[in-house]
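Descriptive analysis of the structure
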Amino acid sequence: MQKSSDTSDGITLRDHVYDGIEEYDQKLPNWWLFTLYITMVWFVIAWVAYYQLPVNAPTDYEKLHKEIAQIELKKQAELEKMLASLNDDSLLEMSKDPNHTSAGQAIYESKCAACHGVDLTATLGGVNLPGVPLNDSEWIYGGNPLQIMYTVTHGSPDITKGMIAWQAQLSPSEIAQVTSYILSKQTAPPEPALKPRTEI
Amino acid sequence: MSSDNPTGRKITIEFDDKTTRWFMLASIGWGVVAMLVGVIAAFQLNFWQMNGKFFEWITFGYFQTEGIEFLTFGRLRPLHTNAAIFAFVGNMMFAGIYYSTQRLCKTRMFSDLLSKIHFWGWQLIIVGAAITLPAGLTRGKEYAELIWPINLAVVVIWVVFAANFFLTLKIRREKSLYVALWFYIATIITVAMLYIVNHLQIPTSLTHSYPVFAGVQDALVQWWYGHNAVAFFLTTPILGIMYYYLPKAAGRPVYSYRLSIVHFWSLVFIYIWAGPHHLLNTALPKWLQVLGMFFSLMLWAPSWGGMLNGLLTLRGAWDKLRTDPVIKFFVAGVTFYGMSTFEGPLLSIRSVNSLAHYTDWIVGHVHSGTLGWNGFMAAGMFYWLAPRLWGRELWSKNLANFHFWIGLVGILLYVASMWFAGVIQGLMLNETDPSGTRLVNEFVQTVDKINGLMLIRAIGGTFYLAGFILLVINIWKTVKSGIPVNETREVFDDPEMKKDKMTWSAAFRNDPIAFTFWGLFFGIIWFFLPPGASHMALLCTLAFAALAVYRFKKDKMDWAKWYDDLSENYLPFSVLVLIAVAIGGGIQIIPTITVNRAVNVEDRLQKVYTPLELAGRDIYVSEGCYNCHSQMIRTLVPDVLRYGDYSRLGESIYDHPFQWGSKRTGPDLAREGGKRGNSWHYLHMLNPRSVSPQSRMPNYPWLFEKKTDFKALPGKIAVQQRMGVPFPIMTPEEIEQHAREQALEIAQSLVDEQVKIPLKEGQEGPATASAARDHLAGKEVVALIAYLQKLGQFEEIAPKETPDPVKPRVIKPAIPDENRMTPENVPEIPSVTESEESDAPVAQAN
């Protein structure tokens, strides 16, 4: 054991000197020791509580599944409520209401314009964008108001060759508003769909 | 001076200060490079044009480009991190170690030749890194990006360094090892261990390899390495340097020897366990997440022990803070160490982490460590060393003071802006509409919101770089007008000195080791035993702890003497360090490698890539996409709402290397496959802003010119098969043909949608649709699209049959998640009524 000498104020100064560096041997600060001990005790308690006591704490997966299921239920109810009040006529009605179409336009410009163009021509400065034009009265999946709404909601049947489903990002009422905006921009009646789909 | 009676012959030795000078100058030079690349990368996040397009402007249109592949963020960011860690801090650490070790051992380094090989070898490695990383040659794992031939060189040079260091310890003329040397020992041993395990790989060519671990295993090993690179490359060597240079500069004794002991051993033991806190709320098994979080919390005090010993050593020397730039840098550096080691445990709490992870908060946290702790400790050390190495006063103290202030302002701008950016983006990402069913903000909007803050970060970084350039000028002027000095010193050479005489038995067979061993033994089996047996194990641990306290109170002097003896014996000391750092990794990694394998996957299993998709994946890795895009949907509601169902462990089980990512500057891609059309991806890679106007992603025009390397695929697939990925058996010709056919299919879909083929000036496009298809099919972009469309594809695995409940009653260790006790899973109490009907699958001790 190395010898140590006590300095006048009662603090131990160790005798050994390394390249001129001396070392005191002060007591460990209590608050520091308590921090160390508390974190250790907390770990033991948490581990035992989660793993080794018969408490029924849900796992992360259980918690998540429950929350997501609730959200899905809510969404489903929302959709059903919306659909009950919608038909081709009411959507056409909406497309004449500037309150709806202006809300729809805002959504269109933030989500849809990147592929279908701000002016619905699916071009930007003469360059083709990935989407199809929405102002040419040609509808791949049907041009009735409800058909358009269905396509926005679910996307194209093969998503790798067409549009994504928007239901994850837009609520049914928002989709209805976008639909009303698109309808408001139509000048000619729609031509028969190439691959018509009707059901929602 | 020492009260040890000097014995032996008096001789004069000359220290090798030349090596220190070289390492110091190398560190300063690479430091400028590392920080400059960092500043460029920071501006790239604000201005996508910084990824190459700006060359058009600075050459007044002479040089036409949409983007330069060698300069994209995905390739520069690894260059920045590797340069900052291994070139700047690495060389600084070597300078500090070479200077102090010789003096603490009272001897010249063991071998000048080894010192030379170490220096030049390390610089060559750095040059190799600076060439390969921008070229897109990468392993795709953070801070472990360098390709396998460079990995081998690193191992060789590290062994040279270790040999030189340990042989210097062996020939030392100082009986016992000073605390700085403990930290150096821990650094050398642990970095070697981490580096080798995380770089186990099988080459497929001279510049490419696949790591042997995949998916969750690779994630765990990577962050065991990544986190402890911070611990044992950026922290322990710098603590050692603090213990030497700070008391020297302050002229005061170190505050507390016993604090050194306690915080050293607790730090090296606990640090290793904390790696999984980089993977909280992911598909990593829960027990590892729990260990990662709580060991991070336990790490708080050991880290602060270092800060306390540093700051309290200055008691009685605070007046120097006003005048001496060295002390200024040291005080600020140690304070930043304290701040980031408080922030670290905070960020490791799972709920805090759920907000902060993948955001700029983490970037800010890291930089308060690297800029504040590493950078300022380096500056302080260089300003202290320069006069001693070149035999004249520092050229300008005022300039050094100015460096301090401009650097400090830079750090504060950096850290504060990143903190706000992280919290703001995190909150925006989680924001839902009033119904709570839909997220409000698009990902790109959340990034746009923090544009200003990111700009402040870039400016803060520029300030810091400016300060560092002042250091360059100051040191340069000092060097120019000084003369290199190698210190000579008279020492007593006593071959009979009582050192390294401890027997292994004396080192290991004693109370402190015995109590630690048994306490840890029961503590560790406590994790893995089923309830009942585990409770017993915990009681044993607590009993040993209580007994240890009792014996320590009684035999305090014996314990202290054992430790003093140990510190006079470098080999047993080093072996104990190795054991202390090996435990944590072993406990976490070995069960994961045995249990979390594809054969054991339940729920969902990743679909094996087709040859073309594998080629696309290698392009994804090579372009460094993981620097901005994660592939891990966490078990959090906002993540699931934004990206889809949470990622299962099995869904990346074949991924060599894993690409879970650690930062989302762009959205997560785990379920990107099938979400958008091929043409969308095509346009997006050509110019992201054509489909996402606010995007800051670089353009990737070279993917439309470079050809997919179909010929390399058979070799790559053979390696993956060897590592257990169940690729279907195909001949090399079949592999190539399969890849080409899939490429044609995708190219056809692009041609059908009439995508534009980018052409150079004067170049003629393909005349017919089939020529266009054939042209596109060979290009890298098609392979990349194939990969992106595959992301998130899995097959359902039927749940495994529950094992027969009639099982021999033995204590069956298992990973904690399988042993977890729930009301349905209570260990049976041996009673007549219950034992009949209980079907608890877990055997228990009784």
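Residues numbered from 1 in each chain as written. Chains lettered and ligands numbered in written order. Predicted model: local features only at pLDDT ≥ 70, side-chain atom pairs only at ≥ 80, totals over all residues.

In terms of helices and strands, chain B carries 31 helices and six strands. Compactness check: chain B gives a C-alpha radius of gyration of 29 Å against a globular reference of 28 Å for 846 residues, within 12% of the reference. C-alpha atoms of chain B, sized along the principal axes, occupy 90 × 90 × 55 Å. A total of 846 residues make up chain B; the buried ones form 53% of that total. Contacts in chain B between residues far apart in sequence, at least 24 positions, make up 83% of those at least 6 positions apart. (Helix = DSSP H or I, 4+ residues; strand = E, 2+ residues; numbered from the N terminus. Rg over C-alpha atoms; globule rule 2.2 N^0.38 Å. Buried ≥ 20, exposed ≤ 12 C-beta atoms within 10 Å, placed from the backbone. Contact = placed C-beta atoms within 7 Å.)

This paragraph deals with the pairing of strand β1 (residues 9-14) of chain B. All names here are of chain B. For β1, the tally of buried residues reaches only zero of six residues, placing the bulk of the element at the surface. Strand direction decides the pairing type here: β1 and strand β4 (residues 488-493), joined by six bridges, are antiparallel. Within the sheet, the bridge partner assigned to Thr-12 lies in β4 and is Glu-490. (Pairing = 2+ DSSP bridges.)

All names here are of chain B. Among the structural elements, Tyr-570 can be located in helix α22 (residues 570-595). Judged by local crowding, Tyr-570 falls into the buried class, with 23 C-beta atoms found within 10 Å. Tyr-570 sits 157 residues away from Phe-727 along the chain, and the two C-alpha atoms are 50 Å apart. Excluding residues that lie within four positions of it along the chain, Tyr-570 makes contacts with Leu-169, Lys-170, Leu-177 and Asp-500.

Glancing now at the nonpolar core. By size, the foremost hydrophobic cluster in this structure holds 263 residues, and its most contacted members are Phe-382, Val-782 and Leu-784 of chain B. Top contributing element to this core by residue count: helix α3 (residues 73-104) of chain B, with 17 residues. No fewer than three residues from each of domain 1 (4-52) and domain 2 (66-184) of chain A sit in this core. Residues within four places of Phe-382 of chain B in sequence aside, it is in contact with Met-24, Ile-28, Leu-471 and Ile-475 of chain B. (Core = buried A, V, L, I, M, F, W, Y, C linked by C-beta atoms within 7 Å. Domains from an automatic or database assignment.)

Turning next to helix α7 (residues 215-232) of chain B. The end-to-end C-alpha distance of α7 of chain B is 25 Å, a good match for the 26 Å that 18 residues give at a rise of 1.5 Å each. By the criterion of burial, α7 of chain B is predominantly enclosed, with 17 of the 18 residues buried. (Expected span 1.5 Å × (residues − 1).)

This part takes up the interface of chain A and chain B. Contacts between the two partners involve 51 residues from chain A, matched on the other side by 64 residues from chain B. Of all the secondary-structure elements, those providing two or more residues to the side of chain A that touches chain B are β2 (12-14), α1 (30-52), α2 (60-84) and α4 (98-116) of chain A. It is α1 of chain A that provides the largest number of residues to the side of chain A that touches chain B, a total of eleven residues. Residue composition of the side of chain A that touches chain B, grouped by class: 27 nonpolar, 13 polar and eleven charged. (Nonpolar A, V, L, I, M, F, W, Y, C, P; charged D, E, K, R; others polar.)

What follows covers unusual backbone geometry. Residues and elements named next belong to chain B. Residues His-656 and Pro-657 are joined by a peptide bond in cis, for which omega reads -10°. By secondary structure assignment, the location of Pro-657 is in the loop between α24 (637-643) and α25 (678-686). In this model, Asn-281 sits at a positive phi of 65°, which is unusual for a non-glycine residue. Note that Asn-281 resides in the loop between α9 (257-271) and α10 (286-313). Here Asp-500, not a glycine, exhibits a phi torsion of approximately 50°, which is positive. Structurally, the position occupied by Asp-500 is in the loop between β4 and α18 (504-508). Given 15 C-beta atoms within a 10 Å radius, Asp-500 is considered partly exposed.

What follows covers the packing of helix α8 (residues 236-250) of chain B against helix α14 (residues 360-390) of chain B. Residues and elements named next belong to chain B. The geometry of α8 relative to α14 is characterised by a closest axis approach of 11 Å and an angle of 40° between their N-to-C directions. By the criterion of interaxial angle, the relationship of α8 to α14 is oblique. As for the relative orientation of α8 and α14, their crossing is left-handed in sense. For the pair α8 and α14, contact is made by Ile-238, Ile-241, Met-242, Tyr-245 and Ala-249 and by Trp-373, Asn-374, Met-377, Met-381 and Trp-384, respectively. (Axes fitted to C-alpha atoms, helices over the stretch in contact; angles between N-to-C directions. Parallel < 35°, antiparallel > 145°, perpendicular 65-115°, else oblique. Left-handed = near helix turned anticlockwise from the far one by under 90°.)

Averaged over every residue, the pLDDT of chain B is 92; residues scoring 70 or more account for 95%. Here the complex is predicted with pTM 0.91, and the ipTM for its interfaces comes to 0.89. (pLDDT = per-residue confidence, 0-100.)

Once that is clear, we can look at the packing of helix α1 (residues 17-46) of chain B against α3 of chain B. Residue and element names in this part refer to chain B. Running from amino to carboxyl end, α1 crosses α3 at an angle of 155°, the nearest separation of the two axes being 7 Å. Here α1 lies roughly antiparallel to α3, going by the angle between them. Crossing of α1 over α3 shows left-handed handedness.

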